[in-house]
Amino acid sequence: MQKLLIKGKRELNGSISISGSKNATLPILAASILANEIKLTNVPLVKDIFTMLELLEFIGIKAKIKKREKTIELKNKKKNINTLAPYKLVKTMRAGVLVLGPLLTKYKKAKVSLPGGCAIGTRPVDLHLLALKKLGAKIKIKNGYIIAEAKRGLMGTKIKFPSISVGATENAILAAFGASGKTILTNCAVEPEILDLIDFLKKLGCKILISKRKIIIQGKKNEVKNIKHRIIFDRIEAGTYLIAGALAGKKILIKNINPKLIKYELKILKSMGIKMKISKTWICIYKSKLYKKINLSTSPYPGFPTDLQAQLMVLMTQAKGSSKIKENIFENRFMHVPELRRMGARIEIKNKIAQVFGPTKLIGAEVMATDLRASVSLVLAGLIAENRTILNRIYHLDRGYEQLEEKLKKCKAEIKRV
Ligand code: UD1
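Thresholds, definitions, all that
- Counting of residues starts from 1 at the beginning of each chain's written sequence and follows it residue by residue.
- Local features are withheld for residues below a pLDDT of 70 in this predicted model, meaning they are given only at 70 or higher, and side-chain atom pairs are given and counted only at 80 or more; totals for whole chains, interfaces and linings count all residues.
- Just so you know, side-chain values use all the structure's heavy atoms and leave hydrogens and water out.
- Those domain boundaries reflect an automatic or database domain assignment.
- The criterion used for residue contact is that any of the two residues' heavy atoms lie within 4.5 Å.
- Values labelled buried area give the accessible surface lost by two parts on being combined, using a 1.4 Å probe and summing over both.
- Counted as salt bridges are all cases of a side-chain nitrogen of Lys or Arg within 4 Å of a carboxyl oxygen of Asp or Glu.
- For this analysis, a polar contact is any N or O atom pair within 3.5 Å, provided that within protein one partner can donate a hydrogen and the other can accept it, and provided that sequence-adjacent residues contribute only side-chain to side-chain pairs.
- Counting from the N terminus, the helices are the DSSP runs of H or I reaching at least four residues and the strands are the DSSP runs of E reaching at least two.
- Any two of the Phe, Tyr and Trp rings considered here, Trp counted by its six-membered ring, make a pair once their centres fall within 6.5 Å; the pair's planes then place it as stacked at under 30 degrees, edge-to-face at over 60, or tilted in between.
- Think of it as a cone above the ring: NZ of Lys or CZ of Arg counts as a charge over the ring if it is within 6 Å of the ring centre and within 35 degrees of the ring normal.
- For patch building, the residue pool is restricted to those with more than 30% relative accessible area and no salt bridge; the joining distance is 9 Å between like charges and 5 Å between nonpolar side chains (Val, Leu, Ile, Met, Phe, Trp, Tyr).
- What sets the accessible areas is the Shrake-Rupley method with a 1.4 Å probe; for residues, cover comes only from the shown protein chains.
- The positive count covers Lys and Arg only, the negative count covers Asp and Glu only, and His and the chain ends enter neither.
- Where a charge sits is defined by one atom per residue type, namely NZ (Lys), CZ (Arg), CG (Asp) or CD (Glu).
- By convention in these notes, a residue is near a molecule or strand provided one of its non-hydrogen atoms lies within 4 Å of it.
- The definitions used throughout rest on a 1 Å grid laid over the protein atoms alone, on which a cavity is an enclosed set of points accommodating a 1.4 Å probe that cannot get out and a pocket is an open set flanked by protein within 12 Å on both sides along at least five of seven lines; lining residues are those having an atom within 4 Å of a point.
- To decide whether a molecule occupies a pocket or cavity, check its atoms: if more than half lie within 2 Å of the grid points, it is inside.
- Paired strands, in this sense, are two strands between which DSSP finds at least two bridges.
- Note on geometry: axes are C-alpha line fits, over the in-contact stretch for helices, and angles between N-to-C directions span 0 to 180 degrees.

Student: Looking at this model, I keep getting lost on the domain arrangement of the chain. Mind explaining?
Tutor: How big an interface is tends to be reported as the loss of accessible area on association of its parts. In terms of domain boundaries, the chain breaks down into domain 1 (3-19 + 233-417) and domain 2 (22-230). Placing a centre on the C-alpha atoms of domain 1 and another on those of domain 2 gives a separation of 30 Å. On the side of domain 2, 22 residues touch domain 1, which itself brings 22 residues to the contact. Buried surface at the junction of domain 1 and domain 2, summed over both partners, amounts to about 1800 Å²; 51% is from carbon and sulfur atoms. Interface area lost by domain 1 to domain 2 is led by Tyr-301, Arg-399 and Glu-402, which between them contribute 33%. In this structure, Glu-193 and Arg-235 form a salt bridge, with 2.8 Å as the shortest nitrogen-oxygen distance. Viewed at the interface, domain 2 and domain 1 are joined by eight residue pairs in polar contact (both at pLDDT 80 or more). Those elements that provide at least two residues to the side of domain 1 that touches domain 2 are helix 12 (372-384) and helix 13 (395-400). In terms of residue count, the dominant contributor to the side of domain 1 that touches domain 2 is helix 13 (three residues).

Next comes the structure, spelled out in structure tokens:
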């Protein structure tokens, strides 16, 4: 099994180009079921994207990847469409459940494996199903599968989500695309990745309006050919490298981003005393001499993302005093804490709150991670730790970080895969 070896205490200097967003690409790939021919550019070539493509191939969508150009062309030839998403493909990547809405709305039936729990929490799909039922689907759960049917097609309606979910909002929008009449969704997630999906669906000819947490979709029947869409930047990858720069960067330039979409993250970094220069498409970040403590909670966009909680916690280990971070989205998302403790971090957990005491000297150790963002937080810790850090189970990293070692090595980090 592959590992990463990181020699810490190297001063980082250089520039990092941010890839396209994995979490924007996944629902847009699922939306290719609704389209005819599409071309996506700025696609991050990470494991989750390949898993989704495998699922789409299984369904009958032809995909052509051009690795160097980072483009994917998809064709729905409409022949031999399989409305099934099997367990083996959905269990490794929960976003597989996003094909449910498009399959059901277009082909009036779908059988999609229940994704099950994962390391960071139970992660049910009840909100996805609630929305589809309201749109008129008959749904039953049998042998671990969601079996959905809408013999006469889905019908536009009003749906108020009882709580905010990114995936359920996406599935509902995708299903409403092919429903007859108007669908009004309220209490929606409004992450930039959802706005990217909406932009894509608009190119397919769908009328969609968004205001605050309300999304209005006018069902679409005619198909538009040959859509081209550029995926937005990965704001979580950008945030991860901004934190790397704040921890270890003499000077790091983070390129190909839109700082307006990460306003809250930048506010937090600034209030911790991090110095940066911000332009329209890049941010230059510098290592600090002294980091200030901070208290914050994760929350849906525009709040602080749960996907950056583990990385920010590493920065908190270097801040003077006691910082607190409350995890409001997932119930089991402190799996990186025992590993960070093994590297010398002083962190206490009480229910949803982690209290971090700093500054502490981190020392390299052999560590392992249980999910994508926990893994990358250990890479960040390794960058500032004394001696060598060995990171096991790096397949988690490969699910969502494109060319992580290459990007860090370009900034003079000593990191290698063995
Ligand atoms: C997406 C992101 C993930 C991110 C998360 C929160 C993708 C592919 N993944 O995941 O990286 O961490 O948003 O920003 O975009 N919930 C229910 N019932 C449901 C659905 C969700 O109770 O039917 C709960 C979840 O357990 C969780 C919360 O709602 O506690 C938010 O989850 P959700 O926003 O749905 O996350 P995902 O879409 O799975």
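Okay, back to it.
Student: Just to check I follow, could you spell out the packing of aromatic side chains for this structure?
Tutor: Aromatic ring pairs: the centre-centre distance and the angle between the two ring planes describe each pair. According to the stated counting rule, one finds zero aromatic pairs in the structure shown. Above the face of the Tyr-145 ring, Lys-111 is positioned so that its terminal group lies 5.0 Å from the ring centre.

Student: I would appreciate a short explanation of a positive patch on the surface in the present structure.
Tutor: On the surface, a cluster of positive charge is contributed by Lys-62, Lys-64, Lys-75, Lys-77 and Lys-79. Mapped onto the elements, Lys-77 comes out in the loop between strand 5 (71-76) and strand 6 (84-85).

Student: Looking at this structure, I do not really get the site of the ligand. What am I missing?
Tutor: Asp-126, Leu-127, Ser-165, Asp-307 and Ile-329 are the nearest of the 16 residues found near the ligand. A distance of 2.9 Å separates an oxygen atom of the ligand from a polar atom in the side chain of Arg-123. Ser-165 places a polar side-chain atom, nitrogen or oxygen, 2.6 Å from an oxygen atom of the ligand. Within the complex, 82% of the 730 Å² of free accessible area of the ligand lies under protein. Taking a 2 Å distance to the grid points as the criterion, the majority of the atoms of the ligand fall inside the largest pocket. Looking at the shell around the ligand, the elements that each hand over two or more residues are helix 1 (22-31), helix 5 (126-134) and helix 6 (166-177). It is helix 5 that provides the largest number of residues to the shell around the ligand, a total of three residues. There are two domains that each give the shell around the ligand at least three residues, and those are domain 1 (3-19 + 233-417) and domain 2 (22-230).

Student: I tried to follow the sheet that holds strand 14 (residues 227-230) on my own but got confused; where do I start?
Tutor: Hydrogen bonds between backbone groups are what pair the strands of a sheet, and the pairing can be parallel or antiparallel. The strand order 4-5-3-14 describes an open sheet built from four strands, whose pairing is mixed. What marks the edges here is a single partner per strand, and that holds for strand 4 (61-66) and strand 14. Strand after strand, the sheet turns through a mean of 15° between neighbouring axes, direction not considered. Of the strand pairs in this sheet, strand 3 (residues 37-41) and strand 14 are connected by four bridges, and their pairing is parallel. Paired with Leu-40 across the strands is His-229, a residue of strand 14. Its contacts with the sheet place helix 2 (residues 47-59) against strand 4 and strand 5, and it is angled at close to 145° to strand 4. Strands strand 3 and strand 14 of the sheet are contacted by helix 7 (residues 192-203), whose axis makes an angle of about 160° with strand 14.

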